[in-house]
Structures are given as structure tokens and as C-alpha cells.
Protein chains: 2
Amino acid sequence: MIQSAATLFRERGVEGTAFADVLEHSAAPRGSVYHHFPGGKQQLAEEATRWAGEAMGAGIAAALREEDPLAALDDFVGLWRAVLEESDFRAGCPIVAAALAGERSPGARAAAAAAFAEWRATLAGAFAEAGLAAAQAGPLATLFIAAIEGGIVLARAQRGIEPLTEVVDELRAVARSALA
Amino acid sequence: MIQSAATLFRERGVEGTAFADVLEHSAAPRGSVYHHFPGGKQQLAEEATRWAGEAMGAGIAAALREEDPLAALDDFVGLWRAVLEESDFRAGCPIVAAALAGERSPGARAAAAAAFAEWRATLAGAFAEAGLAAAQAGPLATLFIAAIEGGIVLARAQRGIEPLTEVVDELRAVARSALA
DNA sequence: GTCTATACGAAGATAGAC
DNA sequence: GTCTATCTTCGTATAGAC
């Protein structure tokens, strides 16, 4: 159910996703929602964001453990490319959706901030391991996350993969020159 | 009224903004809404997005006409910093909000794509004028837009300006080395 | 615990008077 | 053209039976 919520947040955003949609999508029992989520939609949004953030963070960490940052970047963007194209550019990042959720879901926003911070730390660690000074690894990690997320937004807007491709090509060049 | 809609989209997104909110914010006459916007909320969202996109595009073009890309970047981000801090990090980019609007506002999404494309062309032109090869100016412009928009999302999530500052510092370095 | 039914409010859209 | 009143739909949340 948390998983379903995260999936729907990708396409419709937090505000645009109704409780009934989540129930339908997850085929969960209708009557027990407020048993498991006494905090209502706020709580569901928060837990879904946290779950998605940690899942993606684990994926990032695993990739960076097995390969260098540049190879991981390619893999990661390949996944995004698949998500975008398979959804006809309707699906985006659930963490971005949560970050932009309004006052009605403050918990989701906080969970999004935590996810971004975790990703940044992981990526910065990998950059440092690859030889970058600590003071440079952090900001570079922020650039990577911001640019990729922004590239996904642009790709969704124009319903084409090119913006993300261009962003990643540029990031690759930046990382190469930074790590050189 | 279009202006009010764009303002509200910044904070609440397209789905999160109610018609009544726009009326209240703009102090516009209640009864004549469907006179001016027979297409309802879809039409309002589309026109507000187009208006905001053109206004921001004009600002970008004006800045790039008077100064070099690096100086314009600083000015532009200074404006964003003010918007973010004055709104306590609740306000973001209305074009991003429109890009993430669901199926219920396809016109807004299209207008967002047009805005991004226009900005990209303007910025790429400035990079070319500054001496960059045409084949490199376009992708670099995409990186700039994606990274800044992503930085704004990150800043809103963590309610702090640092992500945007870091992104811009990195972009400045990238542009310097590209234009060198 | 899970179900159905429903209360309550919000939001988009329309009707008809002025 | 602009107003008030209202219709309908939808969405969150709750109540009470099983």
C-alpha cells in the first residue's frame, strides 16, 4: 500500500493522488486504512516518501559500492530512462513530488529532505573515495542530484528523453574533469 | 487573475490550487470567471503558465542582453534566493509546477515545455555569443536550467538556500571552464 | 480486522436574477 | 458582465455492523 502510494505520487503528485486511488491500486482492504494509518493521508504520504527515499538511496549506495561514480551514473540514468519511456513520460520522482507537496503534507516534505540529504551524503562519499577533496565532493553531489531531478522534470514537460540525456552528458564531463 | 494563478501555483502547485483561491487572491469578480475562461481551470492553468513562462523568459533575455552569462546567473539566482527566503521556502517555480501537473491540465504541461524550450534557446544563444560552439551551447543551457530548477526543489525540501548556492557555485565553475 | 454506509467539507461548474 | 445560489462530484474521515 505504501508502495502503491509512492507509485501514484510519481504520476499525480501528492495532492493529486486520492486515497481511493491508492486503495484501488494496491487492492488493499478498504475498511482497515485508518487502522494502519491513523494519521490519515498525511501519514501515508510521509511513510510512502520515506520508503521510496530509502529504497532509492539503497539503490544508489549499492551501485556506488560496486562501480565508480561515472558508471553508476550511467546505470542510474538508464533506469530513469526506462521509467520515463515506459510511462510515456508521466512518471517522475516521488521524492520531488513530496518535496513540492503543500502545507497539507508537511511530513512528506520533511521525508523528502531527508532522502535528498542521504543521497547527497552517499554520493559525496563516493566522490571523496574517487579522489575528490571533501570540500568539493559535497557540492558536486548536490549538483548531480539537482541536475538529474531537474532533467527529469524537463523530460516530462516536453515528453522526450533529450533533456535528461543532455544533462547527463554534461554531468559526465564535469565529473571527469573534477576527478582528473 | 492570471498573475494570481501563477503566484499560487508556485506554492501549492496546479492541483493544489483551487479556483476560489485564485478569486480571493486576485479580488476578481466571482461571477465572470467562466465568461473569461470558458475552458475552466484547464484554460486558466494554461494561460497562467504561458504568461509566467514568457515573463520569466523575457527577464532571462533582458539580463543576457545586458551582461555576460555568468553575471546574469548571479543576478537570476539572487532573485530566486529572495523569492525562496521571503516565502519561507514555500514558493517555487510555477513552470515546474505546471510541468508536474497531471492529466487534468495537459495545456499547462505543454506551456511548461514551451517555456523551458524558449529559455534554453535564449541561454544557448548567449553561450554561443560568448564563444561556445553551437553543439555545446545547447546541452550546457539544458544543464543550467535543469540544475537550477532542481536546486530550487532541493532548497524547498530542506527549507534552506544551501542546495541552490552549491548548485550555482558548481555551474559557475562549469561555465568558466567551458568558456575559457 | 475488515466490511459497508455515510457524514462532512471542498472544489469545479452552471443557472438565472440583476 | 457581474452577482448569488445551487448542483454535482469527489475526497477525507468516521461510525457501526460483522
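This one's a predicted model, so the numbers in the text were calculated from it and none came from an experiment.

1. Observations regarding the side chain of Arg 109 of chain B
And step 1. The topology assignment puts Arg 109 of chain B in helix α7 (residues 106-129).
And step 2. Although Arg 109 of chain B is buried, it forms no salt bridge, and the closest oppositely charged side chain is Glu 103 of chain B at an N-O distance of 7.7 Å.
And step 3. Once residues within four sequence positions are removed from consideration, Arg 109 of chain B is found in contact with Arg 156, Ala 157 and Arg 159 of chain A together with Ala 98 and Ala 99 of chain B.

2. Observations regarding unusual backbone geometry
All names here are of chain B.
And step 1. Unlike most non-glycine residues, Ala 27 shows phi in positive territory, near 55°.
And step 2. Within the secondary structure, Ala 27 is located in the loop between α2 (19-26) and α3 (33-36).
And step 3. Unlike most non-glycine residues, Asp 88 shows phi in positive territory, near 55°.
And step 4. Its place among the elements puts Asp 88 in the loop between α5 (69-86) and α6 (94-99).

3. Notes on the relation of the copies chain B and chain A
And step 1. Between the two copies, chain B and chain A, the superposition gives an RMSD of 0.0 Å; the rotation angle is 180° and the shift along the axis is 0.0 Å. Both copies are brought into coincidence by an operation consistent with a two-fold rotation axis.
And step 2. Mapped onto chain A, 100% of the interface residues of chain B again fall at the interface, so both copies present the same surface.

4. Section: the protein's contact with DNA strand D
And step 1. Taken together, Thr 17, Ala 18, Phe 19, Tyr 34, Gly 40 and Lys 41 of chain A together with Pro 29, Arg 30, Gly 31, Ser 32, His 35 and His 36 of chain B are the residues near DNA strand D.
And step 2. Among the atoms of DNA strand D close to the protein, meaning within 4 Å, 68% are from sugar or phosphate groups.
And step 3. Taking Tyr 34 of chain A, its side chain carries an N or O atom lying 2.8 Å from a phosphate oxygen of DNA strand D.
And step 4. Contact between DNA strand D and Lys 41 of chain A: a phosphate oxygen at 3.1 Å from a main-chain N or O atom of the residue.
And step 5. At the level of secondary structure, the elements contributing two or more residues to the surface near DNA strand D comprise α4 (40-66) of chain A together with α3 of chain B.

5. Considering the environment of Glu 162 of chain A
All names here are of chain A.
And step 1. Among the structural elements, Glu 162 can be located in helix α9 (residues 162-179).
And step 2. Linking Glu 162 and Ala 97, residues 65 residues apart in sequence, is a C-alpha distance of 21 Å.
And step 3. Within the local environment of Glu 162, its side chain forms a polar contact with the side chain of Gln 158, the two groups lying 3.2 Å apart.

6. Structural notes on α9 of chain A
And step 1. Counted at 1.5 Å a residue, the expected span for α9 of chain A with its 18 residues is 26 Å, and the 26 Å between its end C-alpha atoms agrees.
And step 2. Residues of α9 of chain A that are buried: Pro 163, Leu 164, Glu 166, Val 167, Val 168, Glu 170, Leu 171, Val 174 and Ala 175 of chain A.

7. Some words on the packing of helix α8 (residues 134-158) of chain A against helix α8 (residues 134-158) of chain B
And step 1. Where α8 of chain A contacts α8 of chain B, the two axes come as close as 6 Å, and the packing angle between them is 105°. As the angle between them shows, α8 of chain A and α8 of chain B are arranged roughly perpendicular. Residue-level contacts link Thr 142, Leu 143, Ile 145, Ala 146, Ala 147, Gly 150, Gly 151 and Leu 154 of chain A of α8 of chain A to Thr 142, Leu 143, Ile 145, Ala 146, Ala 147, Gly 150, Gly 151 and Leu 154 of chain B of α8 of chain B.
And step 2. When grouped by side-chain class, the residues that make up the contact of α8 of chain A with α8 of chain B number ten nonpolar, six polar and no charged.

8. Describing the interface of chain B and chain A
And step 1. Contacts between the two partners involve 35 residues from chain B and, on the opposite side, 35 residues from chain A.
And step 2. Taking both sides of the interface into account, the surface hidden between chain B and chain A amounts to around 3100 Å²; carbon and sulfur atoms contribute 67%.
And step 3. Applying the counting rule to chain B against chain A returns three salt bridges.
And step 4. Of the charged contacts in the structure, one is a salt bridge between Arg 120 of chain A and Glu 166 of chain B, with a shortest N-O distance of 2.9 Å.
And step 5. Put simply, the parts of the chain that give the side of chain B that touches chain A at least two residues each are α6, α7, α8 and α9 (162-179) of chain B.
And step 6. At 16 residues, the largest contribution of residues to the side of chain B that touches chain A is made by α8 of chain B.
And step 7. Residue composition of the side of chain B that touches chain A, by class: 18 nonpolar, seven polar and ten charged.

9. Regarding the protein's contact with DNA strand C
And step 1. DNA strand C sits among Pro 29, Arg 30, Gly 31, Ser 32, His 35 and His 36 of chain A together with Thr 17, Ala 18, Phe 19, Tyr 34, Gly 40 and Lys 41 of chain B.
And step 2. A share of 65% is what sugar and phosphate atoms reach among the atoms of DNA strand C within 4 Å of the protein.
And step 3. Contacts to DNA strand C include Ser 32 of chain A, whose side-chain N or O atom sits 3.4 Å from a phosphate oxygen.
And step 4. Taking His 36 of chain A, its side chain carries an N or O atom lying 3.2 Å from a phosphate oxygen of DNA strand C.
And step 5. Of all the secondary-structure elements, those providing two or more residues to the surface near DNA strand C are α3 (33-36) of chain A together with α4 (40-66) of chain B.
And step 6. Here the surface near DNA strand C is built from residues that sort into four nonpolar, six polar and two charged.

What counts, and where the lines are drawn
- Residues numbered from 1 in each chain as written.
- Chains lettered and ligands numbered in written order.
- Predicted model: local features only at pLDDT ≥ 70, side-chain atom pairs only at ≥ 80, totals over all residues.
- Heavy atoms only, no water.
- Helix = DSSP H or I, 4+ residues; strand = E, 2+ residues; numbered from the N terminus.
- Buried < 20%, exposed > 50% of the residue type's maximum accessible area, 1.4 Å probe, protein only.
- Lys, Arg positive; Asp, Glu negative; His and termini not counted.
- Salt bridge = Lys/Arg side-chain N within 4 Å of Asp/Glu carboxyl O.
- Contact = heavy atoms within 4.5 Å.
- Least-squares fit on C-alpha atoms with pLDDT ≥ 70 in both.
- Near = heavy atom within 4 Å.
- Polar contact = N/O pair within 3.5 Å; in protein donor to acceptor, adjacent residues only side chain to side chain.
- Expected span 1.5 Å × (residues − 1).
- Axes fitted to C-alpha atoms, helices over the stretch in contact; angles between N-to-C directions.
- Parallel < 35°, antiparallel > 145°, perpendicular 65-115°, else oblique.
- Nonpolar A, V, L, I, M, F, W, Y, C, P; charged D, E, K, R; others polar.
- Buried area = accessible area lost by both parts, 1.4 Å probe.

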